[in-house]
2 protein chains.
Amino acid sequence: MSVFTTVTPDDLAPFLKRYCIGQLVELKGIAAGVTNTNFFVTTTHGRYVLTLFETLQAEELPYYVNLLAHLAHHGIASAAPIANLDDQYVDTLNGKPTLLVTCLPGKVAEHPNTTQCAEVGEMLAQMHLASRSYGGYMKNPRGVQWWADTAAQVAPFMSAADADLLRAEVALQQTTDYRALPAGMVHADLFRDNVLMDGDRVGGFIDFYYACNDAWLYDVAIALNDWCSTADGDIDDARARAFLKGYTGVRELDAAEKSAWPTMLRGAALRFWTSRLLDFHKPASGEMTFAKDPTHFQRVIEHHIRRQDFWLS
Amino acid sequence: MSVFTTVTPDDLAPFLKRYCIGQLVELKGIAAGVTNTNFFVTTTHGRYVLTLFETLQAEELPYYVNLLAHLAHHGIASAAPIANLDDQYVDTLNGKPTLLVTCLPGKVAEHPNTTQCAEVGEMLAQMHLASRSYGGYMKNPRGVQWWADTAAQVAPFMSAADADLLRAEVALQQTTDYRALPAGMVHADLFRDNVLMDGDRVGGFIDFYYACNDAWLYDVAIALNDWCSTADGDIDDARARAFLKGYTGVRELDAAEKSAWPTMLRGAALRFWTSRLLDFHKPASGEMTFAKDPTHFQRVIEHHIRRQDFWLS
């Protein structure tokens with residue numbers, strides 16, 4: 001249960017009086033989420049999600065909050081922030097900065113079908129296009145340099161062969177120049193558990209707190225590596241083709257992107273291989289979350305290395 | 001059928017490419033609406049309403065469009081405008097300025113119950129509070145002076161007794177000073193047919209194109225005169241009490257408002273008595289709309305004159 005800050009209905013009543021969303025009917029903690037505290041807030045007007053930010057700093061919030069508002073204004077399936085009577089999206093409750101957003105329909109698809117993969121690809125491309133007019137900027141805090149630094153920290157815990165592969169992959173990414181690729185805002189963590197599916201349609205993208213500016217192709221590769229992967233780390237061809245068809249139906253990949261694609265798929269996997277290795281070998285003190293299996297993304301990379309076909313044709 | 005400007009799926013395809021809301025599934029004209037052309041636009045992402053503005057001028061649009069966006073950001077049940085890829089709410093189609101908004105749930109309640117009246121009153125108060133932080137300003141184009149001018153135009157068509165009542169009511173309103181009343185943005189036309197009810201809940205307020213700045217009490221009176229009236233122009237006490245209880249549960253009326261209330265109810269009725277008289281006796285050339293019965297609001301005024309109890313206690 002990831003409710004780090006307790007909120008009672010009595011705490012919430014004066015808070016809700018600063019909003020125009022009616023009276024509290026039900027307040028319920030949300031177990032998911034490892035860095036923020038989230039509640040379902042049901043009022044006489046509808047259902048909302050209240051987030052209390054536990055680690056993000058006040059100066060970091062505008063990038064994320066204004067991004068959510070921007071995407072919602074453009075019809076991207078994402079939570080729309082609700083402003084308070086002072087016309088502010090960020091408020092305060094029990095000493096923590098808060099955000100109140102609309103509740104999205106749908107649930108996580110553990111085993112997505114090809115139609116769902118196509119719809120996610122399509123919405124991802126629409127999100128990239130919508131973000132072009134967003135003025136905010138956030139450097140990717142987990143880019144190639146972070147992968148290299150993290151690899152150096154975790155390599156001593158690994159077998160010689162695995163550490164060699166890790167170092168070789170870091171070296172490949174460090175010597176690849178992605179600067180010619182179309183770039184903009186990326187979600188950077190669009191795994192299955194960050195998308196609510198409403199049947200075969202996208203109910204909403206959630207958890208934008210890794211969003212930053214980077215190559216759009218990086219976002220495509222991160223999402224495809226998760227949405228289309230099998231339990232053994234291989235990629236399911238039918239889902240991958242559907243995902244890319246959905247994406248490129250809205251935004252065609254250019255020549256530079258097609259050329260960078262096989263390497264980017266490995267980079268996107270390396271991003272999560274390194275972070276999971278770090279969580280596994282050097283968990284943050286006091287962290288009670290379940291460290292995810294780091295070897296999954298090693299296998300994804302190994303499959304990409306052996307692969308000949310990258311679903312572009 | 002009030003589709004003044006024809007739009008085909010072929011017209012819409014390039015238009016929708018400037019948005020992030022998916023591919024067209026269905027396009028359907030909306031019969032309601034007497035001054036704009038409206039379509040239901042169903043896409044792979046959802047259902048939207050497209051408005052082509054037939055009479056509003058480009059310089060008038062920002063007040064309404066930004067107001068809709070402001071209210072939607074605050075969680076008021078109203079249509080949220082969708083921005084295009086240039087981050088603009090207003091676009092152009094077939095030579096007309098356009099607005100694309102989310103589709104709201106619910107349908108018009110012809111015979112509202114007391115719960116529905118209470119919910120509408122509550123949402124109206126929330127809307128008034130939310131509008132305090134809205135920066136736009138629009139003078140009421142149909143204020144007391146317009147009632148007086150219109151009364152002078154239509155009086156020659158009326159019986160002497162009716163014309164006397166009309167002139168007396170105009171005189172009463174012209175000599176009443178409403179300037180001490182709390183004021184802000186008002187919908188100014190919140191009749192039953194401008195609210196979608198989703199069961200007993202407010203699905204959405206629609207048709208904000210009479211919205212302007214005026215006393216909030218004027219908005220309360222306009223809505224109550226319609227939501228709580230009977231076919232003979234009397235007001236149903238149970239619905240009126242429920243409506244006011246819903247409203248004042250969010251925003252209490254102050255002493256000046258309580259004092260002005262009986263007169264304001266007659267002023268709000270006079271607003272529609274005069275405009276319906278004008279539509280009836282001097283229809284705009286070429287207008288094919290059904291002129292509504294002007295005598296209904298005469299009877300509302302007559303009932304208010306005879307009334308002792310105004311549901312405030």
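Just so it is clear, the model here is predicted, and its values are computed rather than measured.

Asks: How would you explain the pairing of strand β2 (residues 36–43) of chain A if you had to name every residue and give the values?
Replies: All names here are of chain A. Of all 8 residues making up β2, 7 are buried, and the element is well covered by its neighbours. Both strand β1 (residues 24–30) and β2 contribute to a ladder of 6 bridges, which runs antiparallel. What sits directly across from Gly 29, in β2, is Phe 39. Across 7 bridges, the pairing between β2 and strand β3 (residues 47–53) is antiparallel. For Phe 40, the partnering residue across the bridge sits in β3 and is Val 49. Connecting β2 to the next strand, β3, in antiparallel fashion are 3 residues.

Asks: So, the pairing of strand β5 (residues 96–102) of chain A: which residues are in play, and what are the values?
Replies: Residue and element names in this part refer to chain A. In the sheet, β3 pairs with β5 via 5 bridges, with the strands oriented antiparallel. Residue pairing for β5: Tyr 48 is matched across the bridge by Thr 102. Note that strand β4 (residues 90–93) and β5 share 4 bridges and pair antiparallel. Its bridge partner lying in β5, Thr 92 is registered against Pro 97. The antiparallel pairing of β4 with β5 creates a hairpin that spans 2 residues between the two strands, and Asn 94 there sits at a positive phi of about 50°.

Asks: Which residues make up the relation of the copies chain A and chain B, and what values go with them?
Replies: Rotating chain A by 180° and translating it 0.0 Å along the rotation axis places it on chain B, where the RMSD comes to 0.0 Å. As the rotation angle and translation indicate, the two copies are arranged about a two-fold axis. Minimal C-alpha distance to the rotation axis in chain A is attained by A:His73, lying at 4.6 Å.

Asks: Please provide a residue-by-residue account of the pattern of salt bridges, values included.
Replies: Under the counting rule described, the total for this entry stands at 23 salt bridges over all chains. A:Asp236 is the partner of A:Arg239 in a salt bridge, and the nearest nitrogen-oxygen pair spans 3.6 Å. By relative accessible area, which is 13% here, A:Arg239 ends up buried. A:Asp236 sits in the partly exposed class, given a relative accessible area of 27%. In this structure, the salt-bridge partner of B:Asp226 is B:Arg192, at a minimum N-O distance of 2.9 Å. Taken together, the positions of B:Asp226 in helix α6 (residues 216–227) and B:Arg192 in the loop between β6 (183–186) and β7 (195–198) put the pair 34 residues apart, joining distant regions of the chain. Salt bridges here are not isolated pairs; linked through shared partners, they connect A:Asp234, A:Asp237 and A:Arg307.

Asks: Tell me about the side chain of B:Ser229, residues and numbers included.
Replies: Residue and element names in this part refer to chain B. Inspection of the secondary structure assignment puts Ser 229 in the loop between α6 and α7 (237–250). Relative accessible area serves as the criterion here: at 5%, Ser 229 is assigned to the buried category. Setting aside anything within four residues of it in sequence, one finds Ser 229 in contact with Arg 192, Leu 224, Asp 234, Ile 235, Arg 239 and His 296.

Asks: Summarise the interface of chain A and chain B; cite the residues concerned and give the values.
Replies: Taken together, the contacts link 29 residues of chain A with 29 residues of chain B. Taken together, both faces of the contact between chain A and chain B bury some 2300 Å²; the carbon and sulfur share is 46%. For the pair chain A and chain B, the number of links is 0 salt bridges. For the pair chain A and chain B, the interface holds 13 residue pairs in polar contact (both at pLDDT 80 or more). Of the residues forming the side of chain A that touches chain B, the biggest block, 5 residues, is contributed by helix α3 (residues 114–131) of chain A. Looking at side-chain class alone, the side of chain A that touches chain B contains 13 nonpolar, 12 polar and 4 charged residues.

Asks: So, the domain arrangement of chain A: which residues are in play, and what are the values?
Replies: Residues and elements named next belong to chain A. Under the domain assignment, chain A is made up of domain 1 (9–102) and domain 2 (114–306). Taking the mean C-alpha position of each, domain 1 and domain 2 sit 28 Å from one another. Taken together, the 19 residues of domain 1 in the interface contact 21 residues of domain 2. Buried surface at the junction of domain 1 and domain 2, summed over both partners, amounts to about 1600 Å²; 73% is from carbon and sulfur atoms. On the domain 1 side of the interface with domain 2, the three residues burying the most area are Tyr 63, Tyr 64 and Ala 77, jointly 38% of the side's total.

Asks: Give a detailed account of the state of the cysteines, specifying residues and quantitative values.
Replies: Residues and elements named next belong to chain B. This structure, assessed with the given rule, holds 0 disulfides over all chains. Sulfur of Cys 103: no disulfide; nearest cysteine sulfur belongs to Cys 20 and is 19 Å away. Looking at the unpaired Cys 117, the closest cysteine sulfur is the one in Cys 228, lying at 4.3 Å. With a relative accessible area of 0%, Cys 117 lands in the buried category.

Asks: Requested: an account of the packing of helix α5 (residues 160–174) of chain B against helix α8 (residues 255–281) of chain B, with residues and values cited.
Replies: Residue and element names in this part refer to chain B. Here α5 crosses α8 at 130°, and the two axes come no closer than 10 Å. The orientation of α5 relative to α8 falls into the category oblique. Every pair of crossing elements has a handedness; the one defined by α5 and α8 is left-handed. For the pair formed by α5 and α8, the contact residues are Asp 162, Leu 165, Leu 166, Glu 169, Val 170, Leu 172 and Gln 173 on the first element and Thr 263, Arg 266, Gly 267, Leu 270, Trp 273, Thr 274 and Leu 277 on the second. Grouping the amino acids of the contact of α5 with α8 by side-chain chemistry returns 7 nonpolar, 4 polar and 3 charged.

Asks: Account for the sheet that holds strand β5 (residues 96–102) of chain B, with residues named and values stated.
Replies: Residue and element names in this part refer to chain B. One open sheet holds the 5 strands; their spatial order is β1-β2-β3-β5-β4, and the pairing between them is antiparallel. Of all the strands in the sheet, just β1 (24–29) and β4 (90–93) have a single pairing partner and so form its edges. The average undirected angle you get between the axes of adjacent strands in this sheet is 35°. Sitting on the sheet, helix α2 (residues 61–73) touches β3 (47–53), β4 and β5, and the angle it makes with β5 is about 10°.

Reading guide: rules and limits
- Residues numbered from 1 in each chain as written.
- Chains lettered and ligands numbered in written order.
- Predicted model: local features only at pLDDT ≥ 70, side-chain atom pairs only at ≥ 80, totals over all residues.
- Heavy atoms only, no water.
- Buried < 20%, exposed > 50% of the residue type's maximum accessible area, 1.4 Å probe, protein only.
- Helix = DSSP H or I, 4+ residues; strand = E, 2+ residues; numbered from the N terminus.
- Pairing = 2+ DSSP bridges.
- Least-squares fit on C-alpha atoms with pLDDT ≥ 70 in both.
- Salt bridge = Lys/Arg side-chain N within 4 Å of Asp/Glu carboxyl O.
- Contact = heavy atoms within 4.5 Å.
- Buried area = accessible area lost by both parts, 1.4 Å probe.
- Polar contact = N/O pair within 3.5 Å; in protein donor to acceptor, adjacent residues only side chain to side chain.
- Nonpolar A, V, L, I, M, F, W, Y, C, P; charged D, E, K, R; others polar.
- Domains from an automatic or database assignment.
- Disulfide = S-S within 2.5 Å.
- Axes fitted to C-alpha atoms, helices over the stretch in contact; angles between N-to-C directions.
- Parallel < 35°, antiparallel > 145°, perpendicular 65-115°, else oblique.
- Left-handed = near helix turned anticlockwise from the far one by under 90°.

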